[in-house]
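Chain by chain, the residues run as shown.
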Amino acid sequence: MVRYRVRGGNALRGTAFIQGAKNAVLPMIGAALLAPKGRTVLRNVPIIEDVRRAVELAEAVGAYVELHESERTLVIDASKVSSPVLPAEIARRFRGSVLFTPALLHRLGEAIVEGVGGCNLGSRNLDFHYLGYKRLGAIVDEGETVIHVKASGLTGSTLYLDTPSHTGTENLIMAAALAKGRTVIENAALEPEVLDVIDMLTKMGARISGGGTGFITVEGVDELRAVEHTVMPDRLDAGVFAMAAAITGGELSLVGTGLDLGVVRHKLEQMGAEFQPQGAVLHVRCDGPLRPINIITDTYPGFATDLQSPMMTVAALADGTSYIHERIFDGRFALAGELNKMGANVEVDGSRAIVRGRTPLTGTQVTAHDLRSGIALVLAGLAAEGETVIDSGYLIDRGHAHLAARMRALGADITREISEA
Ligand SMILES: CC(=O)N[C@H]1[C@@H](OP(=O)(O)OP(=O)(O)OC[C@H]2O[C@@H](n3ccc(=O)[nH]c3=O)[C@H](O)[C@@H]2O)O[C@H](CO)[C@@H](O)[C@@H]1O
Ligand SMILES: C=C(OP(=O)(O)O)C(=O)O
């Protein structure tokens, strides 16, 4: 069992190195399996538990994978992919397992999905993925736990997503990339990670246009090749470090090429944080009291739902009442109860939360219910009086690399412990 122990009160100062993006590297590992020969090289790979699970899953289907941790580099040879089964014991531990289906379909003519995991955030449907595969000519057999997708070659079609699903868009682009003819995906996701995946697929030889417009056109090609690609920086990891500076009255230089925090930066500025781009480095500081804020989560370029929990912690430390409306997931307020144990005053009503600040936070034993509520509790611990112990720390490790070491380097008093369950 992994547990984080945080003693609050230290301002974070120094240079924070932002990791590569979890939500870009996972589809890229899936994309690497589309190449029938050669070796794919991924750089700036975050050394997180989801990447370890993705490596295990790629190996389970027959790929040869080297994870060079200190070089943050993955080398993937997918020439011997031979098993269509995504085994439950690995696939159920992370969401990214869903991104292996298109490669197995193209390479082997079938994918047997024994489960898909990911954060527990309420309903997380996959109907757009399966309807899309069907429109491209696949047969989808949805059993109670196992889903069997079969196709002897896909054919391009027009696809429409009811809402712009992030992994749904990536999966349907990968499925269309090697289909016969043209596919149009309407209401496609606009997230920067999706665009980074499109960049990689384009280098591999895919013909994709319209990324970032909501209407993506894919002209199918016969084969994709192995390439080298550098994973974009993780805007969620960057957002968390910016918030850590804001709530501790600290000052950080965020290093991660091409960082754009978008609306998160604007919201933190409204709360009192100051940002200053210095070339490729983004400087953030905060030395006054925090002001309250209103947040409505939305697909990109709206406020990312994955930063909603960390922002709830920041709101609890602001002087006044903040309002949060969660519009992407129907069960993403598990943090409220844990924050209240620390002294916060958060009231949840359906998809809305009212955060009445500022209440002093006091360290106690709390539980991460998912990745982002976990990191939000780390933030709360940094600003709380006394010691905060966060259980189920594996969930934090799913998405943040070497968190304790990176925060300690900035002056935080935080340790990661492993104990028998
Ligand atoms: C590995 C990865 O990239 N994970 C991210 C991805 O998850 P993920 O791709 O799973 O999230 P989606 O964008 O697909 O889901 C968003 C919403 O759409 C609904 N939906 C989605 C697909 C579908 O077929 N049917 C359907 O109804 C879901 O139930 C959910 O309410 O985007 C989320 C929303 O930005 C982020 O929180 C996750 O960090
Ligand atoms: C919801 C998240 O991840 P996943 O989709 O991998 O569960 C997240 O990163 O906050």
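Keep in mind that this is a model prediction, so the values were computed, not measured.

Rules used in this analysis
- Residues numbered from 1 in each chain as written.
- Chains lettered and ligands numbered in written order.
- Predicted model: local features only at pLDDT ≥ 70, side-chain atom pairs only at ≥ 80, totals over all residues.
- Heavy atoms only, no water.
- Near = heavy atom within 4 Å.
- Polar contact = N/O pair within 3.5 Å; in protein donor to acceptor, adjacent residues only side chain to side chain.
- Areas by Shrake-Rupley, 256 points an atom, 1.4 Å probe, with all protein chains shown as cover.
- Nonpolar A, V, L, I, M, F, W, Y, C, P; charged D, E, K, R; others polar.
- Domains from an automatic or database assignment.
- Helix = DSSP H or I, 4+ residues; strand = E, 2+ residues; numbered from the N terminus.
- Buried < 20%, exposed > 50% of the residue type's maximum accessible area, 1.4 Å probe, protein only.
- Contact = heavy atoms within 4.5 Å.
- UniProt positions renumbered as here; feature names shortened; annotations may be inferred.
- Buried area = accessible area lost by both parts, 1.4 Å probe.
- Salt bridge = Lys/Arg side-chain N within 4 Å of Asp/Glu carboxyl O.
- Pairing = 2+ DSSP bridges.
- Axes fitted to C-alpha atoms, helices over the stretch in contact; angles between N-to-C directions.
- pLDDT = per-residue confidence, 0-100.

## Let's talk about the site of ligand 2
For ligand 2, the full set of nearby residues is K22, D50, R95, G118, C119, L121, R124, D306, R332, L371, R372 and R398. Between R332 and ligand 2, the recorded distance is 2.9 Å, taken from a side-chain N or O atom to an oxygen atom. The contact in question runs from an oxygen atom of ligand 2 to an N or O atom on the side chain of R398, over 2.8 Å. In isolation ligand 2 exposes 290 Å². Once the protein is present, 94% of that is buried. Grouping the amino acids of the shell around ligand 2 by side-chain chemistry returns three nonpolar, one polar and eight charged. Each of domain 1 (2-14 + 234-418) and domain 2 (24-222) gives at least three residues to the shell around ligand 2.

## Focus: the site of ligand 1
Not every one of the 19 residues close to ligand 1 is listed here, only the nearest: D127, S165, T167, D306 and I328. In this structure, an oxygen atom belonging to ligand 1 sits 3.1 Å away from a side-chain N or O atom of R95. The side chain of D127 places a nitrogen or oxygen atom 2.6 Å from a nitrogen atom of ligand 1. Those elements that place two or more of their residues in the shell around ligand 1 are α1 (22-32), α5 (127-135) and α6 (166-177). Element by element, the count of residues in the shell around ligand 1 is highest for α5, at three residues. When grouped by side-chain class, the residues that make up the shell around ligand 1 number four nonpolar, nine polar and six charged. Of the residues that make up the shell around ligand 1, three or more belong to each of domain 1 (2-14 + 234-418) and domain 2 (24-222).

## Some thoughts on the environment of G20
Along the chain, G20 turns up in the loop between β2 (13-17) and α1. A relative accessible area of 1% places G20 in the buried class. Considering only alpha carbons, one finds G20 and V231, 211 residues apart in sequence, at a separation of 5.6 Å. Once residues lying within four places of it in the same chain are set aside, the contact partners of G20 are N44, P46, V231, M232, P233 and D234.

## Structural notes on the UniProt feature "binding site: phosphoenolpyruvate" (unreviewed entry) in the protein
As recorded in UniProt, the sites labelled "binding site: phosphoenolpyruvate" (unreviewed entry) are K22 and N23. Checked against the element boundaries, K22 lands in helix α1. Contact partners of N23, with chain neighbours within four places excluded, come to H166, E170, E193, L236 and D306.

## What to know about the domain arrangement of the protein
By the assigned domains, the protein splits into domain 1 (2-14 + 234-418) and domain 2 (24-222). Centre-to-centre, using C-alpha coordinates, domain 1 lies 30 Å away from domain 2. With 17 residues of domain 1 at the contact, the number on the domain 2 side is 20 residues. For the domain 1 and domain 2 pair, buried surface summed over both sides reaches about 1,700 Å², with 52% attributable to carbon and sulfur atoms. Looking only at domain 1, the three residues that lose the most surface to domain 2 are Y300, Y394 and R398, adding up to 39% of its buried area. If you look at where domain 1 meets domain 2, you find two salt bridges. Note that E193 is salt-bridged to R235, the shortest N-O span being 2.7 Å. On the surface where domain 1 and domain 2 come into contact, there are seven residue pairs in polar contact (both at pLDDT 80 or more). When grouped by side-chain class, the residues that make up the side of domain 1 that touches domain 2 number six nonpolar, five polar and six charged.

## Examining the pairing of strand β21 (residues 352-357)
The side chains of a regular strand alternate, first on one face of the sheet and then on the other. By the bridge criterion, six bridges tie strand β19 (residues 320-325) to β21 in an arrangement that is antiparallel. Bridging across to β21, T321 finds its partner in R356. As judged from the four bridges shared by strand β20 (residues 346-349) and β21, these two strands associate in the antiparallel manner. Each residue of the ladder has a partner; that of V346, found in β21, is V355. Counting the residues in the hairpin turn of β20 and β21 gives two residues, including G350, whose phi is positive at 60 degrees.

## Notes on the sheet that holds strand β11 (residues 182-186)
Two orientations exist for strands paired in a sheet by backbone hydrogen bonds: parallel and antiparallel. Strands sit in the order β10-β11-β13-β12 across an open sheet of four strands; the sheet is mixed. Two strands bound the open sheet, and with one partner strand each, they are β10 (158-160) and β12 (207-209). Averaged over all pairs of adjacent strands, the angle between their axes in this sheet comes to 15 degrees, without regard to strand direction. The sheet contact formed by β10 and β11 spans three bridges and is parallel. Among the inter-strand pairings, L159 is bridged to a residue of β11, identified as I185. Contacts from α6 reach β10, β11, β12 and β13 (215-219), with the element oriented near 25 degrees to β13.

## Focus on the pattern of salt bridges
Scanning the entire structure with this criterion turns up 26 salt bridges. With its nearest N and O atoms 3.1 Å apart, the salt bridge here joins E274 to R285. A residue pair is termed long-range when its members are at least 10 positions apart, and E274 in strand β16 (residues 274-278) and R285 in strand β17 (residues 281-285) qualify at 11 residues. The exposure class assigned to R285 is partly exposed, which follows from its relative accessible area of 25%.

## Points about the confidence of the model for the protein
Confidence in the prediction of the protein, expressed as mean pLDDT, is 96, and 100% of residues score 70 or more. Across the interface, the model reports ipTM at 0.99; the global pTM reads 0.97.

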